[in-house]
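# Descriptive structure summary
Residues per chain are reported as follows:
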Protein chains: 2
Amino acid sequence: MSDSVQNPARVVILGGGFAGVYTAKYLTKLLGRRRDVEVELLSEENYFVFQPLLPEVAAGGIAATHVVNPIRELVPKARFRCCSVASIDFEKKQVMVSQGAGLELVSVPYDQLVFCLGKVTHFANMPGVAEHALAMKDLADAFRLRNHVLRCLELADIEPDPDAKRALLSFVVAGGGFSGVETIGELAELVTRSLCYFPRIDPAEVRFSLVHAQQRILPEMPEALSLAARQILERRGVEMVLGARVRAASPSAVYLHDGRSLATRTFVCTVGTAPNPIVQSALAQGGFTQAELNGRAISAFATEPTLECAGRPGYWAVGDCAGIPSPTGQGLCPPTAQFAIREAKTCAANIVAAIDGQPKSRFAFRALGILASLGQRSAVAEMFGVRMSGFLAWFAWRTVYLAKLPGWVRRLRVALDWTLDLFFPRDITQLQVFQHEHLHVHHYEPGEAIVRQGQVGRELYLILKGEVEVSSSTSGKLVRLGAREVFGERAVLEDTRRNATVCATQAADVLVLSRADFHAMVQNLPVLRDYFADLLRVRHPDAMPAGGAAWDGLPKAPAVAPAELRAS
Amino acid sequence: MSDSVQNPARVVILGGGFAGVYTAKYLTKLLGRRRDVEVELLSEENYFVFQPLLPEVAAGGIAATHVVNPIRELVPKARFRCCSVASIDFEKKQVMVSQGAGLELVSVPYDQLVFCLGKVTHFANMPGVAEHALAMKDLADAFRLRNHVLRCLELADIEPDPDAKRALLSFVVAGGGFSGVETIGELAELVTRSLCYFPRIDPAEVRFSLVHAQQRILPEMPEALSLAARQILERRGVEMVLGARVRAASPSAVYLHDGRSLATRTFVCTVGTAPNPIVQSALAQGGFTQAELNGRAISAFATEPTLECAGRPGYWAVGDCAGIPSPTGQGLCPPTAQFAIREAKTCAANIVAAIDGQPKSRFAFRALGILASLGQRSAVAEMFGVRMSGFLAWFAWRTVYLAKLPGWVRRLRVALDWTLDLFFPRDITQLQVFQHEHLHVHHYEPGEAIVRQGQVGRELYLILKGEVEVSSSTSGKLVRLGAREVFGERAVLEDTRRNATVCATQAADVLVLSRADFHAMVQNLPVLRDYFADLLRVRHPDAMPAGGAAWDGLPKAPAVAPAELRAS
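Conventions we followed
- Numbers given for residues are sequential positions, taken from 1 along each chain in its written order.
- As they are written, the chains are lettered A onward and the ligands numbered 1 onward, keeping that order.
- Only residues with pLDDT of at least 70 are given local features in this predicted model, and only at 80 or more are side-chain atom pairs given and counted; all residues enter the totals for whole chains, interfaces and linings.
- Processing note: side-chain calculations cover all non-hydrogen atoms of the structure and skip hydrogens and water entirely.
- Here, two residues are considered to be in contact whenever any of their heavy atoms come within 4.5 Å of each other.
- Buried area: the accessible area, evaluated with a 1.4 Å probe, that two parts lose upon being put together, summed over both parts.
- The term salt bridge refers to a pairing of a side-chain nitrogen on Lys or Arg with a carboxyl oxygen on Asp or Glu at a separation within 4 Å.
- As used in this structure description, the phrase polar contact means that two N or O atoms lie within 3.5 Å; if the pair is within protein, one of them must be able to donate a hydrogen and the other to accept it, and residues adjacent in sequence are counted only when both atoms belong to side chains.
- By the criteria applied, helices consist of DSSP H or I runs no shorter than four residues and strands consist of E runs no shorter than two, each listed in order from the N terminus.
- In this classification, the charged set is Asp, Glu, Lys and Arg, the nonpolar set is Ala, Val, Leu, Ile, Met, Phe, Trp, Tyr, Cys and Pro, and all remaining amino acids, among them Gly, are polar.
- The patches described consist of residues with a relative accessible area above 30% and no salt bridge, like charges being joined within 9 Å and nonpolar side chains (Val, Leu, Ile, Met, Phe, Trp, Tyr) within 5 Å.
- To be clear on the numbers: accessible area is Shrake-Rupley with a 1.4 Å probe, and residue cover counts the displayed protein chains and nothing else.
- Two strands pair if DSSP finds at least two bridges between them.
- Angular values range over 0 to 180 degrees, each being the angle between N-to-C directions of two axes fitted as lines to C-alpha atoms, with helices fitted over their stretch in contact.
- Relative accessibility thresholds used throughout: buried, under 20% of the residue-type maximum; exposed, over 50%; partly exposed, between the two (1.4 Å probe, protein chains only).
- Residues belong to a common nonpolar core when they are buried Ala, Val, Leu, Ile, Met, Phe, Trp, Tyr or Cys residues joined through side-chain atoms within 4.5 Å.
- On a scale of 0 to 100, pLDDT captures the predictor's confidence in every residue.
- An angle below 35 degrees is treated as roughly parallel, one above 145 as roughly antiparallel, one from 65 to 115 as roughly perpendicular, and anything else as oblique.
- Stacked, edge-to-face and tilted labels apply to pairs of Phe, Tyr and Trp rings (six-membered ring for Trp) whose centres lie within 6.5 Å, assigned for plane angles under 30 degrees, over 60, and everything in between, in that order.
- When the copies are overlaid, the least-squares fit takes in C-alpha atoms only where the residue has pLDDT of at least 70 in both copies.
- The convention is simple: Lys and Arg are positive, Asp and Glu are negative, and His and the chain ends are not counted.
- A single reference atom marks each charge: NZ on Lys, CZ on Arg, CG on Asp, CD on Glu.
- Expected helix span is taken as 1.5 Å per residue step, with the number of steps being one fewer than the number of residues.
- Take the far helix as your reference; a near helix turned counterclockwise from it by less than a right angle gives a left-handed crossing, and one turned clockwise gives a right-handed crossing.

### Some points on the interface of chain A and chain B
At the junction of the two partners, chain A supplies 94 residues and chain B supplies 94 residues. The contact between chain A and chain B buries some 9,100 Å² in all, and 60% of this surface belongs to carbon and sulfur atoms. Between the two partners, chain A and chain B, sit eight salt bridges. Across the pair B:Glu154 and A:Arg72 runs a salt bridge whose closest N-O atoms are separated by 2.8 Å. Across the contact surface, chain A and chain B share 24 residue pairs in polar contact (both at pLDDT 80 or more). For the side of chain A that touches chain B, the leading source of residues is helix α5 (residues 139–157) of chain A, giving eight residues. Of the residues in the side of chain A that touches chain B, the class split is 47 nonpolar, 22 polar and 25 charged.

Below is the structure:
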């Protein structure tokens, strides 16, 4: 704080993907040693993921840690805040964030606000897909997929039942865009190269399927390259399931709309995205204009060619959550990393111009090329108008991405990964670093606070042992609770802050139930529902209509916000 | 199967640590091309962890994947089975294992059985320690600790409350043995070197404490080296809390027996181990002799100097679960990797001798040296009688472990990690690859089996939507269940196999509760307890004494076996 001038202009950037990190990078570069502008970047993760290489991480060609960079290292001159955005107060110009172990709500003031929130994975109208499909969107997805595939091989090697073995050795990817095509190509490479370690798996038992709604994979590519990609993959044994849409998924099968089903234990779904919930609520309540594509409103901010949100000076949008008029005059800029980086540069320059009262410039950029890797030293590419497929395209693909990867250490490590990968078999270590305990028990010693008034409440507590004291500064009431009693129910039910502080008076063990778990159980076990309805009626007579009717108005087991899943 | 002769002698090795992997390695080497002996190794993880480097993984000096090797790669000529051992049938000479997605029970026959099961982490009589302490035993521990520490730094950087900030910046390790000393040294290095990225953390706010029950750390080392290690650590700001024992832990503090407490969000407990449950039950029921140390029986197999279990030909024990008479004639062999590897060599030779009816040899080995790293290019060591501390010892430590690390690719990668670490700051990426959803919902399409009769039951199911059919081949009964009804309760309550098959008859969503979760909830919410007591009374009148009294006999929320936590 010592090096800041009085009332610097505050630029707050929401999101740590390509758009957010590069906006911060260009902004701090332009600002140099200026002290009158402060840049702060907010993100849920403290690292930036180089998404184009995720399929290679999933296939074990590159270590997971080599495609991520700590944001603090990439933008050392910006402030960084690792937190979840809870809401935006457009009146007071502040972002409300939850951060820290106790999930305190903190306000972050801004003068200029940049939306770089991208999109989130969302599998609507496909029963079971959210539960059983793996996505290919962030590092955790890639990390999990790799370990899951290796687990399937381990199990298949010792599985006595032939049907079960077949499902373990069948790998299905939905979506024939870049992400889906690269994922099936890389998966095929991982499995094929690992089979030498599994003597009881016959290569003929392994099956790869790519499910795609259209007749042509890679529709963004020129038709000749789409066809080349398809031929390369088919030659390697990838079965094309074209013109087919996923209807549902279960732990052991994928069901298509045309009635077919594919028995599989590995289903990667690369289709299905939704706007970030913060973007959605800003569009609904913040007075922003929705972008339009082909005459239909889409869930993205309409921006001026300067990247300022239409009609809202001081607000900017970059990347996938922005509907930016294409410099060609037709439609919108595509949601690719290439464009996000260039948009970030224009946006940074225009923010400085806005602060300094200078004229702003228009976004102008033409795509340089388009590349898709297919695994096993082969790719398809069009660069500067030249089309390539096979090894040469693959070499170009590697070179381009190695050059784009931020940071020399990472580049060196990825280059080494690639080099070793040429000479050695894939690493088949199936990492088991996930926590499988479901519910958590916390222990508190006498005098310790378990929840504090004003915190964001996301858990319900059930006392297993000991005693606690509930005190509220507003009502002034003091209550003691003992074993088999619950507390924290109100904040979990009503999405408000904690209305009381709870301290252990004796050594206490408490069972912690997350909000999603609580809702799922209460709404589905009538006996629990009645129990909590009674409890609330007694404890909070003011809050409940007679007869506990409010229970019927409870939100459905909420689609848990990503923020909630990440908080640990 | 095609290359096996009729009735080969079957050697089954339980455990994939130093003892198990090296026994398999030496055995397959000795056997060469012999077809009359089959070696099979059983382990819960498909990789071998090079434990001595775990503290460096926790500190980010080495990538997690570089200290693990796939077991299939290390012992390509042995069969490998990734599974959990459920029990051993000593009569029929078979190991019962649970494996695969449905957790089917499979029997693995043996002629010679080698116990290499080591010990498990166990925090008894210290309330809250199992819940709130991190251990330093396997790869997941190291991986979690590193990410947890970086998360604390992220939160401390933006924490407005000074007390909360202090707890976030206080790092406590319990145990002054090798593991504890190396962990605090490496942690101090990680935090100190990462602070440059966190402008709002003052180095003076950071605190490291080592809690140790005795007055001297590293009691296994010569006294001069213990003292040197202590001085080196103290000079770096590690506070020694000696002669102190941990009494309890909560999410934000560690409590000592002498009444003191240390506010902290990071507590690593390196004390507290117990025998593997399989070893315990074999000792209790299998007719094995317990080892004795200083006249007291300990939970390990007493072995002959040939490593055969005392009085039980055909059974062998190697490593930490074995009480092997020391070749010096005094006491037992120490539980170190150095000894486990040498024991494995003798054991392998004696197993082949036993199969061939040749005389067996006695275990003979003297320790070569003893080393402990302290982080920041410093260590203490005694090798071949020479004592060293500081940089030279650290260099020796690195050289020895690099040479011991199995596999050239891993050695190259670790050497590169170490080289880059000399020139670049630590990677502060806080990986978020853990699953935070607690309860799981599964979706099933009509006709799919949810559980099959005979499977090991570890989950209870609550139907959220749809309908299922329960059919039992023994009772011949058919029952249909719908939304808000439960099934699978019996196998979860009684630890038996599934007594019926359950199939979806309509598209069904079911909530899956693990056994531990179920027990915790039922035993602590009286309303749920009554509900399930009634349910069981109606569904299984034969199994329940009148009045549902059996509920009082339910096992306490069980100390979940590691096998259960690992199955995914």
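### Observations concerning a nonpolar patch on the surface
Nonpolar side chains collect at one region of the surface, where A:Leu422, A:Phe423 and A:Phe424 lie side by side and expose about 310 Å² of accessible area between them. Its place among the elements puts A:Phe424 in the loop between α12 (408–423) and β26 (440–444).

### Description of the sheet that holds strand β31 (residues 486–487) of chain B
Residues and elements named next belong to chain B. Taken in spatial order, the four strands of this open sheet run β26-β33-β28-β31, and their pairing is antiparallel. Two strands lie at the open edges of the sheet, namely β26 (440–444) and β31, each paired on one side alone. Judged from the five bridges that link them, β26 and strand β33 (residues 508–514) form a sheet pairing that is antiparallel. When the sheet's bridge partners are listed, histidine 443 is paired in β33 with aspartate 509. In the packing of helix α14 (residues 515–524) onto the sheet, the strands contacted are β28 (459–465) and β33, and the crossing angle to β33 comes to about 80°.

### Let's talk about the pairing of strand β9 (residues 112–115) of chain A
All names here are of chain A. Side-chain alternation along β9 places Gln112 and Val114 on one buried face and Leu113 and Phe115 on a second face that is also buried. The sheet contact formed by strand β1 (residues 9–14) and β9 spans four bridges and is parallel. Of the residues in β9, the one forming a bridge with leucine 14 is phenylalanine 115. In the sheet, β9 pairs with strand β21 (residues 315–317) via three bridges, with the strands oriented parallel. Bridge assignment links leucine 113 to a residue of β21, and that residue is tyrosine 315.

### Structural notes on the nonpolar core
By size, the foremost hydrophobic cluster in this structure holds 263 residues, and its most contacted members are A:Val95, A:Phe115, B:Val95 and B:Phe115. If you look at the next biggest cluster of nonpolar residues, it comprises 28 residues, including A:Leu460, A:Leu513, A:Phe532 and B:Leu511.

### Observations regarding the confidence of the model for chain A
All names here are of chain A. Looking at chain A, the pLDDT average stands at 86 and 90% of residues meet or exceed 70. Contacts for the low-pLDDT stretch residues 544–568, under 50 throughout, to residues beyond four places or in other chains number 44 contacts. Our summary of model confidence lists the complex with pTM equal to 0.85 and ipTM equal to 0.84.

### Observations concerning the sheet that holds strand β11 (residues 170–174) of chain B
Residue and element names in this part refer to chain B. An order of β13-β12-β11-β17 is seen for the four strands of this open sheet, with the pairing classed as parallel. One side of each edge strand has no neighbouring strand; the edge strands of this open sheet are β13 (238–242) and β17 (266–269). Put simply, the sheet's adjacent strands are angled 20° from each other on average, direction ignored. Note: β11 against strand β12 (residues 207–212), five bridges, orientation parallel. Bridge pairing in β12 places serine 170 opposite arginine 207.

### Remarks on the side chain of B:Asp157
With respect to the helices and strands, B:Asp157 occurs in helix α5 (residues 139–157). Those residues in contact with B:Asp157 that sit more than four places away from it in its chain are A:Arg72, A:Phe80, B:Phe198, B:Pro199, B:Arg200 and B:Ile201.

### Concerning the packing of helix α14 (residues 515–524) of chain A against helix α15 (residues 526–539) of chain A
All names here are of chain A. Look at α14 against α15: their axes get within 5 Å of each other, and the N-to-C directions meet at 105°. Considered as vectors, α14 and α15 are oriented roughly perpendicular to each other. Of the residues in α15, those touching α14 at Phe518, Met521, Val522 and Asn524 are Pro526, Leu528, Arg529 and Phe532. Across the contact of α14 with α15, the residue classes break down as six nonpolar, one polar and one charged.

### Details of the packing of aromatic side chains
Inspection of the entire model under this criterion finds 45 aromatic pairs over all chains. With 6.5 Å between their ring centres and 20° between their planes, A:Phe115 and A:Tyr315 make a pair best called stacked. Of this pair, A:Phe115 sits in strand β9 while A:Tyr315 sits in strand β21, and the two are 200 residues apart along the sequence. With centroids separated by 6.3 Å and ring planes inclined at 45°, the aromatic side chains of B:Trp397 and B:Trp418 adopt a geometry described as tilted.

### Thoughts on the relation of the copies chain A and chain B
For the pair chain A and chain B, the best superposition has an RMSD of 0.1 Å and corresponds to a rotation of 180° with a translation of 0.0 Å parallel to the axis. Such a turn and shift between the copies fits a two-fold axis. Here 100% of the contact residues of chain A are again contact residues in chain B; the copies associate through an equivalent surface.

### Digging into a positive patch on the surface
Residue and element names in this part refer to chain A. A cluster of basic residues, Lys25, Lys29, Arg342, Lys345 and Lys404, forms a positive patch at the surface. Elements with a minimum of two residues in the positive patch: α1 (18–31) and α10 (337–356). Its place among the elements puts lysine 345 in helix α10. Take lysine 345: its relative accessible area is 47%, and that puts it in the partly exposed class.

### Quick notes on helix α1 (residues 18–31) of chain B
Residue and element names in this part refer to chain B. With 14 residues, α1 should reach 20 Å at 1.5 Å per residue; the first-to-last C-alpha distance of 20 Å fits that figure. Taken across its 14 residues, α1 has 10 buried, putting it largely inside the fold. One or two residues past the end of α1 sits glycine 32, with phi positive at roughly 55°.

### Quick notes on the environment of A:Leu31
Residues and elements named next belong to chain A. Within the fold, leucine 31 resides in helix α1. For leucine 31, a relative accessible area of 7% puts it in the buried group. Sequence separation of leucine 31 and alanine 349 is 318 residues, and the distance between their C-alpha atoms is 9.6 Å. Apart from residues lying up to four places away in sequence, leucine 31 is in contact with Val37, Val39 and Val352.

### Examining α12(A)
Given a rise of 1.5 Å per residue, 16 residues ought to cover 22 Å, and the 23 Å separating the end C-alpha atoms of α12(A) matches this to within 8%. Taken together, the buried positions of α12(A) are A:Val409, A:Arg410, A:Arg411, A:Arg413, A:Val414, A:Asp417, A:Trp418, A:Leu420 and A:Asp421. Elements in contact with the buried residues of α12(A): α2 (54–58), β4 (68–70), α7 (178–194) and α11 (391–404) of chain A together with α12 (408–423) of chain B.

### Quick look at the packing of α1(B) against helix α10 (residues 337–356) of chain B
Residue and element names in this part refer to chain B. Packing of α1 against α10 brings their axes to within 8 Å, and their N-to-C directions diverge by 40°. For α1 against α10, the interelement crossing comes out right-handed. Packed against α1, whose contacting residues are Phe18, Ala19, Tyr22, Thr23, Tyr26, Leu27, Leu30 and Leu31, the element α10 presents Ala337, Ala340, Ile341, Ala344, Lys345, Cys347, Ala348, Ala349, Ile351 and Val352 at the interface. Along the lines of polarity and charge, the residues of the contact of α1 with α10 split into 16 nonpolar, one polar and one charged.

### Describing the pattern of salt bridges
The tally for this structure, following the rule as stated, stands at 45 salt bridges over all chains. In this structure, A:Arg10 engages A:Glu40 in a salt bridge whose closest nitrogen and oxygen atoms are separated by 2.7 Å. Here the residue A:Arg10 occupies a position in strand β1, and A:Glu40 occupies one in strand β2 (residues 37–43), the gap between them amounting to 30 residues. Among the residues examined, A:Arg10 registers a relative accessible area of 12% and is labelled buried. With relative accessibility at 2%, the residue A:Glu40 sits in the buried group. Note that B:Arg398 and B:Glu56 form a salt bridge whose closest N and O atoms lie 3.5 Å from each other.

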